[in-house]
Amino acid sequence: MYIPAIFLLASLAISGFAQELRFQKDLLPILKARCLACHSGTAAQAGLDVSSVQGLLKGGRSGRAIVVGDASRSLLVEKIVSRSMPPVEPKLTEAELQIIRTWIDNGSSAELPGSGSSEVASITERDVLPMFQMRCVVCHGKRKQEGGLDLRTHESRLKGGKSGPALVLGKPEESLIVKRIAAGEMPPPKLLFTSSVRPANEAELQTLRAWIAASAPQDPPRSSTAEESVVHEKDRQFWSFQPPKRPSAPVVQNSRSVRNPIDAFLLKKLEEKNLSFSVQAEPSTLLRRLYIAVIGIPPSPAEVEEFLQDSRPDAWERQVDKVLSSPHYGERWGRYWLDAIGYSDSEGKVDADDIRPHAWRYRDYVIRSLNEDKPYDAFLAEQIAGDEMVAYKQGDTTTPPILEKLVATGFWRMAPDGTYSPAQSFLPERMNVLADQIEIFGSAVLGLTINCARCHNHKYDPLPQRDYYRLSAILQTSYDPYDWVIPTKRNLDVAIESDRTEANKHNAPIEAAIGKLEQSLASIEKPLREKLLEERLAALAENVRTDLRAVLDVEQSKRSDVQKALAEKFNSVLTISAEDLNNKFPSSKMEADGLRKQIAALKGTLWEKPQVRALYEMGGEASKAYLLRRGEALSPSEPVEPGVPTVLSSGLKPYRILPVGTSGGPVGDSSGRRLALAQWIIQPNHPLTSRVIVNRIWMHHFGRGIVPSIANFGKTGTLPTHPELLDWLATEFVTRGWSMKSIHRLILTSNAWRQGSKIDADALARDPDNTLLSRMPMQRMDADALHDSVLEVTGRLDRTLFGRPAQIEIKPDGEVVPKGSKHGWRRAIYVLQRRRSPVTMLEVFDTPPMLPNCIERTRSTTATQALQLMNGAETLSHARYLAGRLLDEHRNDSRGAIEAAYRRVLSRQAGASEIETGIATFAAFGEHWRAHLRAKKEPAPISSMAQWMALGDFVHALLNSAEFSYVD
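In this report, we go over the structure that sits alongside the text. (Residues numbered from 1 in each chain as written. Predicted model: local features only at pLDDT ≥ 70, side-chain atom pairs only at ≥ 80, totals over all residues. Heavy atoms only, no water.)

Section: the overall build of the protein chain
A tally of helices and strands in the protein chain yields 38 helices and eight strands. For the protein chain, the C-alpha atoms occupy an extent of roughly 100 × 90 × 65 Å along the three principal directions. Looking at the 968 residues of the protein chain, the share that counts as buried comes to 54%. In the protein chain, the proportion of contacts linking residues at least 24 apart, taken out of those at least 6 apart, comes to 70%. If you sum the accessible surface of the protein chain, you get close to 43,700 Å²; carbon and sulfur atoms cover 54% of it. A distance of 1 Å separates the average location of the 123 positive side-chain charges in the protein chain from that of its 118 negative side-chain charges. (Helix = DSSP H or I, 4+ residues; strand = E, 2+ residues; numbered from the N terminus. Buried < 20%, exposed > 50% of the residue type's maximum accessible area, 1.4 Å probe, protein only. Contact = heavy atoms within 4.5 Å. Areas by Shrake-Rupley, 256 points an atom, 1.4 Å probe, with all protein chains shown as cover. Lys, Arg positive; Asp, Glu negative; His and termini not counted. Charge placed at Lys NZ, Arg CZ, Asp CG, Glu CD.)

This is the structure we're talking about:
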């Protein structure tokens, strides 16, 4: 008979036998009532049979159901508490859950590991591995082997270190590792925080003892079962997992509207709905659209006039070539790539949000590569494995080509990474950094939601969890979570000589000025410091004073152990801070603080030593990579080898690591893992590589991808609206040498892209969502284009290319604005991009937060956007700057100033009614400001100042208009 758990628990507690719970008597009735229907016998779901202790310990595909002695870490308890199990009502009661917890934490020794019971599943290396990885290898691993001890492998543990073997098989109490852990000596308490480790708990120690007592058995070979194989041949038949096949351009009725095959593919579907393209946009509208699409800023009035006067038949094609050859093309389209890989100038994760002082070199690499039209396959390969292509460790000279390939690997260094903080550098946080990088790679390059396979087999796509960790293992030679290097120490100390010379030239006068100020500060502080020290020493016993003076006479590095101990004990006496001096000698505070502020300000202007924020091979044998049960860093399962998604194999050469020095193999001391990934992914017939990037280019031009789910080409993604067009573009891209500019040129010269955006009633009825592109969609400028366009049309854009980011300023009201210089304000791509302090204007217009990346920006419409343009001091300042220039050019000519404002801001001529309205508005604004200035009794000349402010208001109104922020 099933006894209600609440009465059973109460009776046990009263009788004092809560610690003597038995599986058969106390747990099995609960499990029978709630769990055994799904989890028992040979057909147990997920391979989990909970009808016995052995079944609980063995677990299922997600690992063991219980962690002996620790209910809080047991999967069985986790599932019950989260109410995900059982999946139907009734759920377990709190009393039933407490019985399970109590049994796991304090269960009978006759039933749990160490008793020799036949019900106990054997403990293997997998059970103790988490402890070694989390607690030990930071000091006893690849880069550091304190005491000569390496605890990464079974052999090295048996070999031991200077003190002897770490393990004595069959004798846990004689094993040094057990003794040190039990005594609380390992990990060393003083290293727990700085090394981001925690001491082993009692459950881990008991498991270690049981494992050693059983002679430290290894994990059995993994058996491949049909149940575990989730990738079948039929899965590979899905459209995006098959190589693209080149279709022929279709024949259409309205052939005169076909300028290139893009038009033919689109017209074929339009004609099926009795539709065609809309009328071509006006020339000035088309030119503005072209400039903003390709270089991110509007054309100047002179450029508009030049185009309108060009009557040559290929005038448009000439304009397309002109903007594509602009150095600003790389800035515009580089922004999209930087979004996709999660670029940021700061680490994120923690409040400090430390700056990445060398990240901008990767940003410049992207811009240069796009301007050069570097083939996409080379562009991608350099970012994946540039360091494996060059022998940068050999010789003292770093050439620009070598530096470029090292900088390119910054691709792998852009995910948020707070592990520079010891509190955020424990194993789970390290694994999260790796997971973010895999998510970035999967979404930006493969167009797959492979991150969904981190915790379990992908629920919709044929992506097993094993494939996720095989892909992650490729990075293990560079990103080793068990031998972690914090981000602030990962930079490569390489640079070309010109960069070093430039940095030294910039820093030399600043360092000299700092030196003088420090001398002045020392002259003030030294006598005061000596006086305060003498006062402190006077309070101590004479023999201690003598010993401490002797300590002070010896350099810190040359002190004896006794002197070091003495200095540490009396640290509060010997250490005198600036605050101590200020409190003791307040009369000197003002002068000393002034010097310190000057020194701090100058140090802020120093350039950092030229280095590269790169991903590189750490050398030596990498730690093993493991499949993590439920994606948890503390639950490693069987080891995995580097590899790529199994489903992507149709027609492809397999992922293959080549030896160093062979043709196509890595250069220097390298594993070749990432180079093999690069070679696998840039195969011309790869199912995803070319499709994903041409689809993204299409999306940025038309506002919607041919595959609308830009980062998801899997089964839950949206099917392509024009699959033949997508495959034609993908194959054409490869045929044209992976040239991204060639795809731009095809799109920009098509009739489809040159359509007007006017909505036709018939087309609206037949193509309501414009999926067939019966018109050009009107789009609002994104944040970067809007920011840059305001600066460009008002004449305040600093067009300087490349270099260190422009700094930002946080105003008292919290608004974050870029800092200008004597040259103006730089483009948004060059402004410091800090995760926790985004530029306000960019943020309100949907600049993504990069957590970890952004493939497609959202397009919101909020009140804060209008308020930012209307009330933001920066926009008004820029408007008034343009107003001053227009007044200089059109003195006493309000009509000319209004016409020029339209040409500058909206890239077109003003209509007659617009001019008349503008003149009247200008006059009204002028009267308002004259009255205002008179009331404030401003000094003369009031009239000219009022005129300037009035025209500034008019320009400001144009900048706030929908016509300025939207691209027609």
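Regarding the environment of Pro 666
Locating Pro 666 in the fold gives a position in the loop between β2 (636-640) and α26 (673-681). Spatially, the C-alpha atom of Pro 666 lies 9.2 Å from that of Ala 391, the residues being 275 residues apart in sequence. If we skip the residues at most four places from it in the chain, Pro 666 touches Glu 388, Leu 658, Pro 659, Val 660, Gly 661, Gly 672 and Leu 675.

Regarding the pattern of salt bridges
Side chains bearing opposite charge may pair, as long as their charged atoms lie close to each other. What the rule picks out here adds up to 62 salt bridges. Arg 857 serves as the salt-bridge partner of Asp 339, at 2.7 Å between the closest nitrogen and oxygen. Remark: Arg 857 occurs in the loop between α32 (840-844) and α33 (863-871) and Asp 339 occurs in helix α14 (residues 329-340); sequence separation between them is 518 residues. Where Arg 895 meets Glu 916, a salt bridge forms, and the shortest distance between an N and an O atom there is 2.7 Å. One end of the pair, Arg 895, is in helix α35 (residues 894-906); the other, Glu 916, is in helix α36 (residues 912-935), and 21 residues separate them in sequence. On the basis of relative accessible area, Glu 916 is assigned to the partly exposed category, the value being 43%. One salt-bridge network, held together by shared partners, links Glu 525, Arg 529, Lys 589, Asp 593 and Arg 596. (Salt bridge = Lys/Arg side-chain N within 4 Å of Asp/Glu carboxyl O.)

Some remarks on the packing of helix α18 (residues 427-446) against helix α27 (residues 689-702)
At a closest axis distance of 8 Å, the pairing of α18 and α27 adopts a crossing angle of 80°. The orientation of α18 relative to α27 falls into the category roughly perpendicular. Side by side, α18 and α27 meet where Ser 443, Ala 444, Val 445 and Leu 446 of the first sit next to Thr 689, Val 692 and Arg 696 of the second. Residues that form the contact of α18 with α27 fall into these classes: four nonpolar, two polar and one charged. (Axes fitted to C-alpha atoms, helices over the stretch in contact; angles between N-to-C directions. Parallel < 35°, antiparallel > 145°, perpendicular 65-115°, else oblique. Nonpolar A, V, L, I, M, F, W, Y, C, P; charged D, E, K, R; others polar.)

With respect to unusual backbone geometry
Residue Pro 90 is bonded to the preceding Glu 89 through a cis peptide linkage, with omega at 0°. Tracing the sequence through the fold places Pro 90 in the loop between α4 (75-81) and α5 (94-106). Cis geometry is found at the peptide bond from Leu 851 to Pro 852, where omega equals 0°. For Pro 852, the location among the structural elements is in the loop between α32 and α33. Here the phi dihedral of Lys 349 falls at roughly 70°; this positive angle occurs in a residue that is not glycine. With respect to the secondary-structure elements, Lys 349 resides in the loop between α14 and α15 (360-371).

Observations concerning the environment of Asn 582
Inspection of the secondary structure assignment puts Asn 582 in helix α24 (residues 578-584). Asn 582 sits ten residues away from Ala 592 along the chain, and the two C-alpha atoms are 8.6 Å apart. Contact partners of Asn 582, with chain neighbours within four places excluded, come to Lys 589, Asp 593 and Arg 596.

Describing the environment of Asn 371
Mapped onto the elements of the fold, Asn 371 is located in helix α15. Look past the residues within four positions of Asn 371 in its chain and what remains in contact with it is Ser 326, Pro 327, Tyr 329, Gly 330 and Lys 741. Within the local environment of Asn 371, its side chain forms a polar contact with the backbone oxygen of Pro 327, the two atoms lying 3.0 Å apart. (Polar contact = N/O pair within 3.5 Å; in protein donor to acceptor, adjacent residues only side chain to side chain.)

Considerations on the side chain of Gln 133
Tracing the sequence through the fold places Gln 133 in helix α6 (residues 125-136). Once residues lying within four places of it in the same chain are set aside, the contact partners of Gln 133 are Tyr 482 and Tyr 626.

Let's talk about the layout of surface pockets
Summary: where empty space remains is shown by rolling a probe the size of a single water molecule over the atoms. Put simply, the second largest pocket is a space of about 1,200 Å³. As for the second largest pocket, its lining consists of 40 residues, and the residues nearest its centre are Trp 360, Phe 802, Gly 803, Arg 804 and Pro 805. Residue assignment for the lining of the second largest pocket shows that the elements contributing at least two residues are α15, α17 (400-408) and α20 (497-538). Element by element, the count of residues in the lining of the second largest pocket is highest for α15, at five residues. (1 Å grid on protein atoms, 1.4 Å probe; cavity = no way out; pocket = protein on both sides within 12 Å on 5 of 7 lines; lining within 4 Å. Points joined across faces, edges and corners; volume = space filled by probe spheres on them.)

Describing the packing of aromatic side chains
As enumerated under the stated definition, the model contains 23 aromatic pairs in all. Pairing Phe 733 with Trp 738 gives two aromatic rings, centres 5.6 Å apart and planes at 70°, and the pair type is edge-to-face. Taken together, a centroid distance of 6.2 Å and an interplanar angle of 55° make the contact between Tyr 902 and Phe 954 tilted. Of this pair, Tyr 902 sits in helix α35 while Phe 954 is found in helix α37 (residues 942-959), placing the two residues 52 residues apart along the sequence. (Phe/Tyr/Trp six-rings, centres within 6.5 Å; stacked < 30°, edge-to-face > 60°.)

Concerning the side chain of Arg 880
With respect to the helices and strands, Arg 880 occurs in helix α34 (residues 873-889). Despite its burial, Arg 880 remains without a salt bridge, the nearest opposite charge being carried by Asp 953 at 4.2 Å. Discounting residues that sit within four places of it in the chain, Arg 880 has contacts with Trp 929, Trp 948, Met 949, Gly 952 and Asp 953.

Points about the pairing of β2
Burial of β2 is extensive: four of the five residues sit out of reach of the surface. As defined by bridge partners, strand β1 (residues 625-628) adjoins β2 across three bridges and the pair is classed as antiparallel. Bridge pairing links Tyr 626 to Pro 639 in β2. (Pairing = 2+ DSSP bridges.)

Some details on the nonpolar core
Judged by nonpolar contacts, the single largest core of 148 residues is most densely connected at Trp 337, Tyr 362, Phe 441, Leu 677, Trp 698 and Trp 753. In terms of residues, this core owes the most to one element, α18, which gives eleven residues. Of all hydrophobic cores here, the second largest spans 46 residues; its members include Val 831, Leu 832, Met 949 and Val 967. (Core = buried A, V, L, I, M, F, W, Y, C linked by side-chain atoms within 4.5 Å.)

Thoughts on the packing of α34 against α37
Close contact between α34 and α37 brings their axes to 7 Å; oriented N to C, the two are set at 120°. Judged by the angle between their axes, α34 and α37 are oblique. In terms of crossing hand, the pair formed by α34 and α37 is right-handed. Only Gln 947, Trp 948, Met 949, Leu 951, Gly 952, Asp 953, Val 955, His 956 and Leu 959 of α37 make contact with α34, whose side of the interface consists of Thr 875, Leu 876, Ala 879, Arg 880, Leu 882, Ala 883, Gly 884, Leu 886 and Leu 887. (Left-handed = near helix turned anticlockwise from the far one by under 90°.)

Focus on α34
Compared with an ideal rise of 1.5 Å per residue, which puts 17 residues at 24 Å, α34 spans 25 Å between its outermost C-alpha atoms and is within 8% of the ideal. Residues of α34 that are buried: Thr 875, His 878, Ala 879, Arg 880, Leu 882, Ala 883, Gly 884, Leu 886 and Leu 887. Packed against the buried residues of α34 are α31 (783-794), β7 (825-826), α33, α35, α36 and α37. (Expected span 1.5 Å × (residues − 1).)

So, the state of the cysteines
The full count for this structure, using the stated rule, is zero disulfides. Free of any disulfide, Cys 38 has its nearest cysteine sulfur in Cys 35, 8.8 Å distant. Here Cys 139 stays free of any disulfide, with the sulfur of Cys 136 as its closest cysteine sulfur at 9.1 Å. Note on Cys 139: relative accessible area 10%, which makes it buried. (Disulfide = S-S within 2.5 Å.)

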